[in-house]
Amino acid sequence: MPPVSWRPKAVTSRAITRDESSDQGSVQVKTAFIKCVSFFLDKDIRSATEYLYDQVKILRLNTTLSKEEMISTFQGYYENSDFTGVNLQDVINEESIFIETSERFSSEIPGQVYLLTVKTRLDLSDQIPFWTRFQEYFFTQEPVKGGGWKIFAIF
């Protein structure tokens, strides 16, 4: 038995619940998405592709592209389209961003998967083949310790 004068210490930290963990993941996914699109619009291809997995599934086109193929594809978009003066708010309706956990790729992707759905303000489908007014991006966390959230599939 502890001595009579013993008192438990005050709680200085607490465990993060599953809901709080999901909320943190959602915020990080949204931040990664916004940064990726911002870098894309700034024509900073290398920085934009830091938010892409090594292989990205383009579900509407039923194909998979490597990060290097995505870089070449982005360069082609820049050669054929002028994004000068276009900012994030011109392209993405941030209020329409909705993030939820997804089981869609549970047999293929280890760990948590988030689905980010967004409505775009601009129809760029004539310039970017996978672009539609409503888009879905699937994110997973890079498997290395401290790895960021990356897009591995686009619908």
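Read on for a plain summary of the structure. (Residues numbered from 1 in each chain as written. Predicted model: local features only at pLDDT ≥ 70, side-chain atom pairs only at ≥ 80, totals over all residues. Heavy atoms only, no water.)

Some details on unusual backbone geometry
Positive phi, normally seen in glycine, also occurs at lysine 43, with a value near 60°. Structurally, the position occupied by lysine 43 is in the loop between helix H1 (18-41) and helix H2 (45-49). One non-glycine residue with positive phi stands out, namely asparagine 62, at about 55°. Its location among the elements puts asparagine 62 in the loop between strand E1 (52-58) and strand E2 (63-66). For asparagine 62, a relative accessible area of 73% puts it in the exposed group. (Helix = DSSP H or I, 4+ residues; strand = E, 2+ residues; numbered from the N terminus. Buried < 20%, exposed > 50% of the residue type's maximum accessible area, 1.4 Å probe, protein only.)

Notes on the packing of aromatic side chains
Tallied over the entire structure, the rule returns 7 aromatic pairs. Taking 5.1 Å as the distance between ring centres and 85° as the angle between the ring planes, the aromatic pair formed by phenylalanine 105 and phenylalanine 152 counts as edge-to-face. Here the residue phenylalanine 105 occupies a position in the loop between strand E3 (98-101) and strand E4 (113-119), and phenylalanine 152 occupies one in strand E6 (residues 149-154), the gap between them amounting to 47 residues. The pair phenylalanine 105 / phenylalanine 152 is uniform in exposure class, with both members buried. Summarising the aromatic geometry, the rings of tyrosine 114 and tryptophan 149 are spaced 5.1 Å apart at their centres and angled 75° between planes, so their arrangement reads as edge-to-face. Here tyrosine 114 is found in strand E4, whereas its partner tryptophan 149 is found in strand E6, with 35 residues between them in sequence. Of the two residues examined, tyrosine 114 and tryptophan 149, each falls in the buried class. In textbook terms, an aromatic cluster arises when at least three aromatic residues are bridged by ring pairs, as seen for Tyr53, Phe105, Phe138 and Phe152. The ring of phenylalanine 155 is capped by arginine 60, whose NZ or CZ atom sits 4.3 Å from the centre of that ring. When the ring centre of phenylalanine 155 is taken as origin, the NZ or CZ atom of arginine 104, which lies over that ring, is 6.0 Å away. (Phe/Tyr/Trp six-rings, centres within 6.5 Å; stacked < 30°, edge-to-face > 60°. Lys NZ or Arg CZ within 6 Å of the ring centre and 35° of its normal.)

What about the pairing of E1?
Within a regular strand, side chains alternate between the sheet's two faces. Pairing analysis gives 3 bridges linking E1 to E6, with the strands arranged parallel. Directly across from lysine 57, in E6, lies its bridge partner alanine 153. Of the pairings in the sheet, the one linking E1 to E2 comprises 4 bridges and is antiparallel in character. Looking at the pairing, isoleucine 58 lines up with threonine 63 of E2. The loop that links E1 with its antiparallel partner E2 comprises 4 residues; one of these, asparagine 62, has a positive phi angle of about 55°. (Pairing = 2+ DSSP bridges.)

So, the nonpolar core
Counting 33 residues, the largest nonpolar core has Phe33, Phe74, Ile92, Leu116, Tyr137 and Phe139 as its most contacted members. Every element with two or more residues in this core is listed here: H1, H2, E1, helix H3 (67-80), helix H4 (88-91), E4, strand E5 (134-141) and E6. Ranked by residues supplied to this core, first place goes to H1 with 8 residues. (Core = buried A, V, L, I, M, F, W, Y, C linked by side-chain atoms within 4.5 Å.)

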